[in-house]
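# Residue-level structural notes
Take a look at the letters that make up each chain.
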Amino acid sequence: MAWLSENGILVGLALLDGLSYAAAVFMVAVGLNLVFGVLRVLNVAHGSLYAIGGYAAASLGLFAASLGAPPWLGLPILLAASVLVGALLGPVIERLLLRRMQDREPVLQLLVTFALFMILEDLQKLVWGVQPVVFDAPLKWLGTVDVPFGTDVIPFTAYQLYVLPGVALATLAILAYVLRYTLTGRMVVAVTVDREAARAMGIDAAKVTMLTFTVGAALAALGGALAAPTVSLVPGVGASTIVLSFAVVATAGLGQIEGAAVAALLIGLGRSFAVYVAPEFEVVVPYAIMVAVLLFRPQGLFGVAETRRI
Amino acid sequence: MLRLEGAAVEIAGAPVLRGVSLQVPPGGRVALIGRNGAGKTTTLRALMGLLPLQAGRLVLDGQEAGEVPAHHRARLGIGYAPEERKLFGSFTVQDNLLLPAQVLSLPKAEVSRRLDAVYALLPELKDFAPRKAAGLSGGQGKMVALGRALMVGTRAVLLDEPFQGLAPALALRYAEALARLRAALPDVAILITESSPDLLRALVDTTIQIERGEISAA
């Protein structure tokens, strides 16, 4: 208790940081999860889409600012950049590569998506170089909020406090609604559960797969775009994100949308507590959480062994 | 008329069907009997376009249908109840029934007309309509799979081993339902596979045997 009263601010900061970090990771993980559901391919290159989303958002934002665009425009630009990345790269990657790999050995699929990841990583260096890219206009424009925490007050950016978790929650709500209550969503679920049965029911599984992959790609890009104002973009940002979202998906259980949100929160908070309390464990903590969960529940926290739920 | 002519199908490079020919006239009830691995399921999957024909043709009411993609076969009026039921567990029973009709974007009135017709034929489905399909027993699931096939099977209905694993009481009810179909759907061609002809004897007018991918007796 004495530790807590002395370090109250640290705990508060870790909570807030963890929340905003979890929001970005959730966007990536939930997309990865959707894509795995319909394609049954673990797409390592999903992390590149996060990085490219971040870079594209930053470039577009900096470009708009150089033309004298007002700072509030930064927010819709983040969204527009991710939709653009998803819509441009999603269908191309799905049709040219992943669709052909669908019935191959999982090892081969992993190798191919890993190769794609390396190619995209290089492409990214070619386009944006290796110098850090910074676009923090939306962060600055929204300013900071004083968050009361016990007897302390923690100044925290409004962007990380409201925008990141807000967009993540909205994404969660929209996805859950679409998958459960719309015909398109049901078609996605049907293809996820049983591709052949879905086709026999008249569902164009190839079309559903491409649509889902594009949405997943856009979600990864949105995760990157949303995180962009809070970090400086450097090569390698895609790699650390994909590994972390693997951990989130594995912890939650495949096919779980709400579960991915809980796991992202768990892992986001775990990581940020490590950053503030024991920084030497920052990298280890998310995987320690994953391993601990998988030891006791190999299907993940919310995974159902037989029937999947999405 | 559903007609398969000289169908050859391979799975992973191994020939599974070697020139299978069969036909089911409108209103016809045909049993396809064979041991496990004889090619019954493969025949139905080929009819659904889920496996490509290496040779041979499929003709439905005079139209070539062998090249029609799998997801368009429901639109042609072919309903399919796979052996493993393949219901979507997170959907309710009613949503499972509705799915193929909704995917075809049939008018709402037509969808509810078909649903009522299915409930009239299989009244017990109405009792578990709001339940999640994952909670059904195997036998109940088979009934739902039959109802789902009937929702789009306006020309042909393919039932893969419907009696497999059914408790005797349920098997009896399923047989009664099939008997009712006869009167209710006089124009629909129905093809039923089974490993033993005994269960189907009273329900079909033609029995054909399949053995190692070939029709051995018709």
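Residues numbered from 1 in each chain as written. Chains lettered and ligands numbered in written order. Predicted model: local features only at pLDDT ≥ 70, side-chain atom pairs only at ≥ 80, totals over all residues.

### A closer look at the overall build of chain A
Scanning chain A from terminus to terminus reveals 13 helices and 2 strands. The buried share among the 310 residues of chain A stands at 50%. When contacts within chain A are restricted to residue pairs at least 6 apart in sequence, those whose partners lie at least 24 apart make up 76%. (Helix = DSSP H or I, 4+ residues; strand = E, 2+ residues; numbered from the N terminus. Buried ≥ 20, exposed ≤ 12 C-beta atoms within 10 Å, placed from the backbone. Contact = placed C-beta atoms within 7 Å.)

### Notes on the sheet that holds strand β1 (residues 2-11) of chain B
Residue and element names in this part refer to chain B. A sheet is described by the order of its strands in space; here 4 strands give the open sequence β2-β1-β4-β5, paired in antiparallel fashion. Two strands bound the open sheet, and with one partner strand each, they are β2 (14-24) and β5 (63-64). Summarising the sheet, β1 and β2 pair through 8 bridges and their orientation is antiparallel. Looking at the pairing, Ala7 lines up with Val20 of β2. (Pairing = 2+ DSSP bridges.)

### A short note on the interface of chain B and chain A
Contact with chain B, which involves 20 residues of that partner, is made by 18 residues of chain A. Sorting the residues of the side of chain B that touches chain A by element identifies α2 (70-73) and α3 (93-103) of chain B as the ones contributing at least two each. The element best represented in the side of chain B that touches chain A is α3 of chain B, accounting for 4 residues. Looking at side-chain class alone, the side of chain B that touches chain A contains 14 nonpolar, 4 polar and 2 charged residues. (Nonpolar A, V, L, I, M, F, W, Y, C, P; charged D, E, K, R; others polar.)

### Things to note about helix α4 (residues 74-101) of chain A
All names here are of chain A. Its 28 residues give α4 an end-to-end C-alpha distance of 38 Å, which sits within 8% of 40 Å, the value for a rise of 1.5 Å per residue. Glu94 marks the point of greatest bend in α4, at about 45°. Those residues of α4 not exposed but buried are Gly74, Ile77, Leu78, Ala81, Ser82, Val85, Gly86, Leu89, Gly90, Ile93, Glu94 and Leu98. The secondary structure elements touched by the buried residues of α4 are α2 (8-39), α3 (46-66), α5 (106-128), α6 (137-142) and α10 (205-227). (Expected span 1.5 Å × (residues − 1). Bend = angle between axes of the 7 residues up to and from the residue.)

### Remarks on the environment of Ala239 of chain A
The topology assignment puts Ala239 of chain A in helix α11 (residues 237-252). The spacing of Ala239 of chain A and Tyr181 of chain A is 58 residues in sequence and 35 Å in space, taken between C-alpha atoms.

### Description of the sheet that holds strand β8 (residues 189-194) of chain B
Residue and element names in this part refer to chain B. Strand order in the open sheet formed by 6 strands is β6-β7-β8-β3-β9-β10, with mixed pairing between adjacent strands. Edge positions in the sheet fall to β6 (78-81) and β10 (214-217), since each has one partner strand and no second. Taken pair by pair, the neighbouring strands of this sheet meet at an average axis angle of 25°, ignoring direction. Pairing analysis gives 4 bridges linking β6 to strand β7 (residues 156-159), with the strands arranged parallel. (Axes fitted to C-alpha atoms, helices over the stretch in contact; angles between N-to-C directions.)

### What to know about the UniProt feature "transmembrane region" (unreviewed entry) in chain A
All names here are of chain A. Mapped onto the present numbering, the UniProt feature "transmembrane region" (unreviewed entry) falls on residues 20-42, 49-69, 75-98, 110-130, 159-179, 208-227 and 284-305. Secondary structure across residues 49-69 divides into 86% helix and 0% strand, with the first and last C-alpha atoms of the span separated by 26 Å. Spanning residues 110-130, this segment combines 90% helix with 0% strand, and its end C-alpha atoms are found 26 Å apart. (UniProt positions renumbered as here; feature names shortened; annotations may be inferred.)

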